[in-house]
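Residue-level structural notes
Letter by letter, the chains look like this.
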Amino acid sequence: MTTDNRQQSTDNSQQTTVNSQQSTDNSQQRIGIFDSGVGGLTVLTQLYRQLPNESILYFGDTARLPYGTRTPSEIVEFVREIMAWLVEQDVKMVIMACNTSSALAMEMVQAEFDIPVLGVILPGAQAAVQQGKRIGVIATPATAASNAYRNAILEMDDSCLVWQVSCPAFVPLVEQNRIHDPYTCEVAREYLAPLIQQRIDTLIYGCTHYPLLAPVLRSLLPAGVTLIDPAVRVVAAAARELELLGLRNAGTALPTRFCVSGPPQQFAQLSVQWLGCTPAVEKISLPTVVSSEAGRKPSPVSLESAE
């Protein structure tokens, strides 16, 4: 990932400027993005590349990762809490930089929150059908079980063949910074074997953590297989949506604000290899939100910073 010079400053005068700008111009509000951990940094990188003027609030639910082995009801509740908090932070748009959340909670989000929200499933599926006919999907157990990618692909082009593989070990390996561990290569070889046997021509990263494993995956796949990163497409869709709604920011981006639910220092240390610098990270406590209260202002959050 490229070096980001937009990390959060702790200067109080800058925070005053942030509040002033947000109150006078909706286009200068932040885009909120969330994931279970560092996987969403793949989407953040695309935001920096495609929408360099946009200010961003990044949330990683690191205290509860991995999402992929959670039940659908747990995922829905987690996303409801995160969305309520993001709305409280006055973001202008939310990108669900988590395939599991996009697969299982999008219907709830659209029903309960009056804010533009984009998920990664449809953009990823669309990119895949434009590329090939024999499509493989590597995903978390929850995303694979939902059949979200299979259904989206076949709805767009029912002549495609789709194979999905559940990869429960990938997210923990990334979050443990074991990408270049020989064991990770062994696990990846096992996961990819049935897809290679089916002679896939296209492979979707069905989790935003997985592009971080690209060097390992590419070394194991036939040269003719095209890798699809939904992050590229979802940010392109966000750009179109912002333009359509008149929310595109023409000014200078504010420093990115990073928040997590787990230890902030752990996230900061892990993310530096992709951000190119050590971000300032806040630890927050998400509000408890029940369905009937979703979208309303949650209770105050506690903050803990890691410089």
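Provided above is the structure to which this section pertains.
Let me sum up the structure you'll find in this document. What you see is a predicted model, and the numbers here were worked out from it, not measured in a lab.

Reading guide: rules and limits
Every chain begins its residue count from 1, and numbering advances along the sequence as written. Only residues with pLDDT of 70 or above have their local features reported here, since the model is predicted, and side-chain atom pairs are shown and tallied only from 80 upward, although totals for entire chains, interfaces and linings are computed over all residues. Excluding hydrogens and water, the side-chain figures rest on all heavy atoms present in the structure. Comment: elements are numbered from the N terminus, with helices defined as DSSP H or I runs of at least four residues and strands as E runs of at least two. Remark: exposure states derive from per-residue accessible area (1.4 Å probe, protein chains only) relative to the maximum for the residue type, with buried under 20%, exposed over 50%, and partly exposed in between. The salt bridge criterion pairs a side-chain nitrogen of Lys or Arg with a carboxyl oxygen of Asp or Glu, the two atoms within 4 Å. We call two strands paired when DSSP finds no fewer than two bridges between them. Here an angle of 0 to 180 degrees is reported between the N-to-C directions of two axes, which are lines fitted to C-alpha atoms, with helices fitted over the stretch in contact. As used in this record, nonpolar core signifies buried Ala, Val, Leu, Ile, Met, Phe, Trp, Tyr and Cys residues forming a set joined through side-chain atoms within 4.5 Å. We call a crossover right-handed when, viewed with both strands directed away from the observer, the connection leading from the first strand over the helix to the second proceeds clockwise. When checking whether two residues touch, look at their non-hydrogen atoms; a contact exists if any pair is within 4.5 Å.

1. Description of the overall build of the protein
The helix and strand tally for the protein stands at twelve helices and eleven strands. For the protein, with 307 residues in total, the buried portion stands at 56%.

2. Topic: the pattern of salt bridges
Should their charged atoms come close, side chains of opposite charge can pair. Within this structure, the stated rule accounts for ten salt bridges. The salt bridge partner of Arg70 is Glu74, with a shortest N-O separation of 3.2 Å. A salt bridge links Glu282 to Arg257; the shortest N-O distance between them is 3.0 Å. In this pair, Glu282 sits in strand E10 (residues 281-284) while Arg257 sits in strand E9 (residues 257-260), placing the two residues 25 residues apart along the sequence. Looking at Glu282, the relative accessible area reads 6%, which means it is buried. Each of Asp61, Arg64 and Glu81 takes part in salt bridges that share partners, so that together they form one network.

3. A look at the sheet that holds strand E6 (residues 161-166)
Ordered by their spatial adjacency, four strands build an open sheet running E6-E5-E7-E8, and the pairing between neighbours is parallel. Two strands lie at the open edges of the sheet, namely E6 and strand E8 (226-228), each paired on one side alone. Strand-to-strand twist of the sheet, defined as the mean angle between neighbouring strand axes without regard to direction, takes the value 20°. As paired elements, strand E5 (residues 134-139) and E6 share six bridges and run parallel to each other. By the bridge assignment for E6, Arg134 is matched with Leu161.

4. Considerations on the nonpolar core
One finds Leu41, Leu44, Leu47, Ile138, Phe170, Tyr210 and Phe258 to be the most contacted residues of the largest nonpolar core, which totals 58 residues. For this core, the leading source of residues is helix H11 (residues 230-245), giving seven residues. Listed in part, the 28 residues of the second largest apolar core include Val79, Ile82, Val91 and Met96.

5. So, the pairing of E5
Counting buried residues along E5, five of its six residues qualify, which places the element largely inside the surrounding structure. Where E5 and strand E7 (residues 202-206) come together, five bridges link them in parallel fashion. Directly across from Ala139, in E7, lies its bridge partner Gly206.

6. Thoughts on the pairing of strand E3 (residues 93-96)
Of the two faces of E3, the one lined by Met93 and Ile95 and the one lined by Val94 and Met96 are each fully buried. Alignment of strand E1 (residues 31-35) against E3, held across four bridges, turns out to be parallel. Bridging from a neighbouring strand, Gly32 pairs with Val94 of E3. Inspection of the sheet shows E3 paired to strand E4 (residues 117-118) by two bridges, in the parallel sense. Note on E4: the bridge partner recorded for Ile95 is Leu118. Note on the crossover from E3 through helix H4 (residues 99-112) to E4: the handedness is right-handed.

7. What to know about helix H5 (residues 121-129)
A large share of H5 lies buried, amounting to seven of its nine residues. When H5 is considered as a whole, its buried residues turn out to be Ile121, Pro123, Gly124, Ala125, Ala127, Ala128 and Val129. Buried residues belonging to H5 abut H4, E5, helix H7 (148-156), E7, E8 and H11.

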